[in-house]
Amino acid sequence: MTHFDAIIIGTGQAGPPLAARFSAAGQTIAIIERHKFGGTCVNTGCIPTKTMVASAYAAHVARRGSEYGFTTNSDVGVDMKRVKARKDAVSERSNKGVEEWLRGLKNCTVIQGHARFQSSNTVVVNDEVLQADKIYMNVGGRASVPDMPGIDDVPFLNNSSMMKVDFLPEHLVIVGGSYVGLEFGQMYRRFGSEVTIVEMGPRLIGREDEDISQAVREIMESEGIRIRLNAKCITLAKRGNSIAVGIECPEAPPEVIGTHVLLAVGRTPNTTDLGLDKAGVVIDQSGYIVVDDQLKTSVPHIWALGDCNGRGAFTHTSYNDYEIVADNLFNADRRRVSDRIQAYALYIDPPLGRCGMTDAEIRKSGRRALVVKYPMSRVSRAYEKGETQGFIKICVDAETKQILGAAILGTGGDEVIHVLLDAMYAKAPYTVIQRAMHIHPTVSEYLPTVLSKLEPFV
């Protein structure tokens with residue numbers, strides 16, 4: 001049995017920087033990875049997918065060349081093998097960077113293998129028993145596979161297996177009309193595939209405000225993507241060399257016939273094979289590890305960070321988990337998960353940047369609020385770029401004047417949203433931004449103008 005001051009299971013966005021903090025403090029640390037260093041973000045999530053989004057965007061703009069005053073000698077074609085090679089190179093750079101960083105840390109032992117709890121303070125990996133006073137889980141999640149008729153009879157793709165695709169699907173049918181499905185849908189449509197998105201709910205990205213869902217649908221359909229909503233009792237079946245996706249429940253259900261199917265219906269935490277019961281760690285009905293406001297589990301010396309704790313499903317929430325834990329441990333700073341403000345982006349084109357409360361949450365809170373909605377077509381920077389789809393929407397508390405929530409669906413929206421997010425963290429009134437002088441020509445320069453047009457929230 002080998003003893004360490006701390007053991008970290010998983011090398012996603014929280015594990016490696018936490019290992020570095022223990023190393024810098026002169027404490028011994030073992031960090032265990034059973035698959036690829038860097039976790040979902042580096043290998044099958046943010047970095048590779050946004051690299052492919054960039055390739056798709058370049059192809060899309062090239063096809064619009066005449067709008068910008070230039071022509072190409074021939075139709076724009078996409079070489080998927082080269083797209084994949086570029087994506088692989090970018091992802092591998094990050095993957096290797098994480099591994100080399102960890103292996104270079106003092107007092108840090110890097111182990112590759114599958115870790116399982118033997119007790120609350122011992123872990124078994126590769127038949128070796130490790131013991132520590134503190135244990136941290138950063139094991140992430142994986143794509144969910146729904147229990148739908150025909151699921152075992154047909155080949156299907158998920159966000160991970162899509163990373164191996166080096167060809168252009170003739171007709172990609174995507175089951176799931178939320179963030180992953182929309183990003184892959186627009187991406188592959190721009191690469192040249194026929195794309196149909198099948199969603200069980202009444203609208204796309206059901207957690208968003210209705211006007212955002214509708215605007216995103218219009219963006220998708222403007223590029224030739226077919227949307228099928230209210231798709232009940234989805235089924236899968238072989239049809240020769242194709243796959244039939246049944247989307248309704250009548251005796252003769254209508255079908256969408258595609259060459260490939262991508263399942264994008266949510267995520268499942270990687271918690272079923274860790275031996276959590278032997279450690280006494282409690283999980284909820286969905287398999288997420290239950291944690292408190294400092295990310296401690298039901299066992300005081302075991303923590304859960306990142307996607308596996310159900311307190312956020314993003315790279316930035318995972319990294320913030322690390323910051324919360326590290327500040328509590330090393331700086332006596334009582335940071336809490338409940339102090340952070342919800343913020344994320346949808347990386348379609350144009351992107352959606354979101355922070356704070358939705359319309360539904362504001363109504364439910366009973367607050368008296370003010371709201372403004374401003375079209376991107378009236379933003380000079382967007383007009384100059386020829387990218388005028390979308391809008392800016394900001395809600396504020398009528399009494400405190402603090403920003404409650406915002407959505408920027410439009411060019412640069414994923415960056416501009418941080419102006420509002422930072423004001424929210426500062427608990428500053430919206431008038432601070434309204435009276436600021438911003439640089440022209442930018443999207444951000446319109447925020448003061450937009451905030452001067454607030455009206456009662458209905």
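Please refer to the structure placed before this passage.
Definitions and cut-offs
- Residues numbered from 1 in each chain as written.
- Predicted model: local features only at pLDDT ≥ 70, side-chain atom pairs only at ≥ 80, totals over all residues.
- Heavy atoms only, no water.
- Pairing = 2+ DSSP bridges.
- Helix = DSSP H or I, 4+ residues; strand = E, 2+ residues; numbered from the N terminus.
- Axes fitted to C-alpha atoms, helices over the stretch in contact; angles between N-to-C directions.
- Buried < 20%, exposed > 50% of the residue type's maximum accessible area, 1.4 Å probe, protein only.
- Polar contact = N/O pair within 3.5 Å; in protein donor to acceptor, adjacent residues only side chain to side chain.
- Contact = heavy atoms within 4.5 Å.

Engineer: In this structure, what is going on with the sheet that holds strand β8 (residues 171–175)? I would like to understand it.
Structural biologist: Within a sheet, adjacent strands bond to each other through the backbone by hydrogen bonds, running parallel or antiparallel. Reading across the sheet, the 4 strands line up as β10-β9-β8-β14 and stay open at both edges, with parallel pairing between neighbours. Only two strands of the sheet have a single neighbouring strand rather than two, namely β10 (226–228) and β14 (260–263). Strand-to-strand twist of the sheet, defined as the mean angle between neighbouring strand axes without regard to direction, takes the value 20°. Bridge analysis of β8 against strand β9 (residues 194–198) gives 5 bridges, and the strand direction is parallel.

Engineer: Looking at this model, I keep getting lost on the sheet that holds strand β19 (residues 369–375). Mind explaining?
Structural biologist: Sheet architecture is open: 6 strands sit in the order β17-β18-β21-β20-β19-β22, paired in antiparallel fashion. The sheet is open, and its two borders are formed by β17 (343–346) and β22 (455–456), each paired with just one other strand. One ladder, built from 7 bridges, connects β19 with strand β20 (residues 391–397); its direction is antiparallel. When the sheet's bridge partners are listed, Lys373 is paired in β20 with Lys393.

Engineer: Please explain the pairing of strand β12 (residues 242–246) as it appears in this structure.
Structural biologist: For a regular strand, the rule is simple: side chains alternate between the two faces of the sheet. In terms of residue burial, β12 counts as a mostly covered element, since 5 of its 5 residues are buried. Every second residue of β12 is oriented toward a common face, with Ser242, Ala244 and Gly246 on one face and Ile243 and Val245 on the other, all of them buried. Linking strand β11 (residues 235–239) back to β12 in an antiparallel pair, the connection comprises 2 residues, with Gly240 at a positive phi of about 65°. As paired strands, β12 and strand β13 (residues 255–258) are joined by 4 bridges and run antiparallel to one another. Pairing of Ala244 across the sheet is with Ile257, part of β13.

Engineer: Looking at this structure, I do not really get unusual backbone geometry. What am I missing?
Structural biologist: With glycine set apart, most residues show a phi of negative sign, and most peptide bonds adopt trans. Going from Asp349 to Pro350, the amide bond is cis rather than trans, its omega being 0°. In this structure, Pro350 sits in the loop between β17 and β18 (352–356). Phi is positive for Ile205, which is not a glycine, with a value near 30°. The topology assignment puts Ile205 in the loop between β9 and α7 (210–222). Even without glycine at this site, Cys233 takes up a positive phi of about 50°. Overall, the relative accessible area of 45% leaves Cys233 in the partly exposed class.

Engineer: Sorry, what's going on with the side chain of Asn138 here?
Structural biologist: By the secondary structure assignment, Asn138 is in the loop between β6 (128–137) and β7 (141–143). Exposure remark for Asn138: the relative accessible area of 7% places this residue in the buried category. A distance of 3.0 Å separates a polar atom in the side chain of Asn138 from the backbone nitrogen of Gly12. Within the structure, Asn138 has its side chain in polar contact with the backbone nitrogen of Gly15 (distance 2.8 Å). In this view, Asn138 contacts Ile9, Gly10, Thr11, Gly12, Gln13, Ala14, Gly15, Pro16, Leu305, Gly306 and Ser318; residues no more than four positions away in its chain are not counted.

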